[in-house]
2 protein chains.
Amino acid sequence: RIKAAGLKLQLCTNETQATREDFVRKLRAMGFDISVAQVTAPAPAACGLLRERGLRPHLLVHHDLLPEFAEIDKTNPNCVVLGDAAENFTYANLNEAFRLLIGMEKPVLISLGKGRYYKETDGLKLDVGAYMKALEYACDVQAEVVGKPAKRFFESALAELGVPPEQAIMIGDDIVSDVGGAQQCGMRALQVRTGKYRPSDENHPLVKPDAYVNNLAEAVDIILQQL
Amino acid sequence: RIKAAGLKLQLCTNETQATREDFVRKLRAMGFDISVAQVTAPAPAACGLLRERGLRPHLLVHHDLLPEFAEIDKTNPNCVVLGDAAENFTYANLNEAFRLLIGMEKPVLISLGKGRYYKETDGLKLDVGAYMKALEYACDVQAEVVGKPAKRFFESALAELGVPPEQAIMIGDDIVSDVGGAQQCGMRALQVRTGKYRPSDENHPLVKPDAYVNNLAEAVDIILQQL
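Residues numbered from 1 in each chain as written. Chains lettered and ligands numbered in written order. Predicted model: local features only at pLDDT ≥ 70, side-chain atom pairs only at ≥ 80, totals over all residues. Heavy atoms only, no water.

Draft legend 1. Focus on the relation of the copies chain A and chain B. Aligned on chain B, chain A shows an RMSD of 0.0 Å; the corresponding rotation is 180 degrees and the shift along the axis is 0.0 Å. Viewed as a symmetry operation, the transformation between the two copies matches a two-fold axis. Residue by residue, 100% of the interface of chain A is reproduced at the interface of chain B, so both copies engage with the same surface. (Least-squares fit on C-alpha atoms with pLDDT ≥ 70 in both. Contact = heavy atoms within 4.5 Å.)

And the structure:
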């Protein structure tokens, strides 16, 4: 309905356990007509940043994310890129990433998100943000976070769309990463009352969405009504 | 020489990879005539705190440290005690400790130190402080740190000695944990120029030892001269 109305659509995800290709495959199987170019995700954003600054990463990321970095020079690393590595978050791998960082004259740590935790079918898991904090503390360094709510991340999504922030609207379930991030970038933002949404979000001390919707379909209704 | 001069001696260690018994055995093999009662260490300090507050810990600590907690009730845990668990810092164990904490109405995290890293024969390793920061961030909680430089830790060593802080002197190689911690407790402190000592410590922005000595023997010389 969004597309049929002639509006542009871009998906902004903090997914770092799979490539955009996998992500799109999953959405297409659910009936969403989406292409890889319509997905803004932390790994390709990090690749842009690495190229821009001539950085060669040591990767501590999920195995399924590795193809996103296939074209990147990883020899003789001068930075560490941290993602939600899940089972790859071993004691040995964490020490290895730490040693590389602490051995750098000016350690550069790039983190694909700063989430605290997330839920899987077998329970809650520590997210990349927790491991980022561990390395930040050990190396006395501040990570550069790629992904929502980084302003740069929303800006690159807007650049893909080719529209200024005041003509774009964000729909998301995360009060801070989705709604807050988009608003700080000059966009309006709707919070859906599904997924991560919690009733307590409606009393958030810092972030207030432009509107609430009960689900994605209702978000589309509202947007199309205002055309 | 300290003992022969009639002075009292207490060892304050942040060692959490072994029991005091193991620690004393190692020192005795080096020729130091030391008993277990002369060692102030984080694990027994934590046990005191657990008993005092009726806390039952889930332990994420080094396997060799477990005997220190043998007498502590660990059923139905209502806090997490974190030590330098080394190989026990697995993804599964970290998630388990995290889930217990996040499931508590008011999470209680007790950390046996807050060191950033340390050196072993096979290279640098992340210390307990890094994992403490990961859990603090994920659970939005502040850990209670047992061990140097906590004031309470030095106070319990002084209580063992039965002397007030102004009559005690600390000798250590760590500018912050040893020297700074002891001074904050009202003791004087010498920094030895061995072990962890780095020349840059002498320009530390916050901590200044009462004197420097080149090694432990020189510290003893100075102390005995002032009797």
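There's more to say after this.
Draft legend 2. Just the interface of chain A and chain B, in detail. Counting from both sides, the interface comprises 29 residues of chain A and, opposite them, 29 residues of chain B. Buried area between chain A and chain B, summed over both chains or domains, comes out near 2,600 Å², and the portion from carbon and sulfur atoms is 65%. Interface area lost by chain A to chain B is led by Tyr91, Leu126 and Tyr137 of chain A, which between them contribute 31%. Along the contact surface separating chain A from chain B lie zero salt bridges. Here chain A and chain B share ten residue pairs in polar contact (both at pLDDT 80 or more) between them. At the level of elements, helix H3 (91-102), strand E6 (117-120), strand E7 (123-126) and helix H4 (128-139) of chain A are the ones that each hand at least two residues to the side of chain A that touches chain B. Looking at side-chain class alone, the side of chain A that touches chain B contains 17 nonpolar, four polar and eight charged residues. (Buried area = accessible area lost by both parts, 1.4 Å probe. Salt bridge = Lys/Arg side-chain N within 4 Å of Asp/Glu carboxyl O. Polar contact = N/O pair within 3.5 Å; in protein donor to acceptor, adjacent residues only side chain to side chain. Helix = DSSP H or I, 4+ residues; strand = E, 2+ residues; numbered from the N terminus. Nonpolar A, V, L, I, M, F, W, Y, C, P; charged D, E, K, R; others polar.)

Draft legend 3. Seen up close, empty space enclosed by the protein. A full pass over the atoms with the stated rule returns two cavities of 30 Å³ or more. When its volume is computed, the largest cavity comes out at roughly 50 Å³. For the largest cavity, the lining is made up of 13 residues, of which Glu15, Ala18, Thr19, Arg20 and Ala41 of chain A are closest to its centre. Contributing elements (two or more residues each) for the lining of the largest cavity: helix H1 (20-29) and helix H2 (42-52) of chain A. Counting residues per element, the lining of the largest cavity draws most heavily on H2 of chain A, at three residues. Considered class by class, the residues forming the lining of the largest cavity number eight nonpolar, two polar and three charged. Its volume calculated, the second largest cavity comes out at about 40 Å³. Lining the second largest cavity are Thr13, Glu15, Ala18, Thr19, Arg20, Phe23, Ala41, Ala43, Pro44, Leu65 and Glu68 of chain B. Elements supplying a minimum of two residues to the lining of the second largest cavity: helix H1 (20-29) and helix H2 (42-53) of chain B. (1 Å grid on protein atoms, 1.4 Å probe; cavity = no way out; pocket = protein on both sides within 12 Å on 5 of 7 lines; lining within 4 Å. Points joined across faces, edges and corners; volume = space filled by probe spheres on them.)

Draft legend 4. Structural context of the environment of Glu202 of chain B. Residues and elements named next belong to chain B. With respect to the helices, strands and loops of the structure, Glu202 is situated in the loop between strand E10 (188-192) and strand E11 (211-213). We classify Glu202 as partly exposed; its relative accessible area is 31%. Along the sequence, Glu202 and Ile175 sit 27 residues apart, while their C-alpha atoms lie 8.7 Å from each other. Excluding residues within four positions of it along the chain, Glu202 makes contact with Arg193, Tyr197 and Tyr212. (Buried < 20%, exposed > 50% of the residue type's maximum accessible area, 1.4 Å probe, protein only.)

Draft legend 5. Quick peek at the packing of aromatic side chains. Following the criterion strictly, the structure yields six aromatic pairs over all chains and no others. Where Tyr117 of chain A meets Phe98 of chain B, the ring centres are 5.2 Å apart and the plane angle is 45 degrees; that geometry is what we call tilted. Here Phe98 of chain B lies in helix H3 (residues 91-102) and Tyr117 of chain A lies in strand E6, a pairing that spans two chains. With a relative accessible area of 33%, Tyr117 of chain A lands in the partly exposed category. On the numbers, 3.7 Å between centres and 10 degrees between planes, the contact of Phe89 of chain B with Tyr131 of chain B is stacked. Taken together, the residues span a long stretch of sequence, with Phe89 of chain B in the loop between strand E4 (79-82) and H3 and Tyr131 of chain B in helix H4 (residues 128-139) at a distance of 42 residues. The exposure class of Phe89 of chain B is buried, given its relative accessible area of 0%. Members of the aromatic cluster, connected to one another through ring pairs, are Phe89 and Tyr131 of chain A together with Tyr91 of chain B. (Phe/Tyr/Trp six-rings, centres within 6.5 Å; stacked < 30°, edge-to-face > 60°.)

Such coordinate-based values are descriptive only and should not be taken to indicate function.
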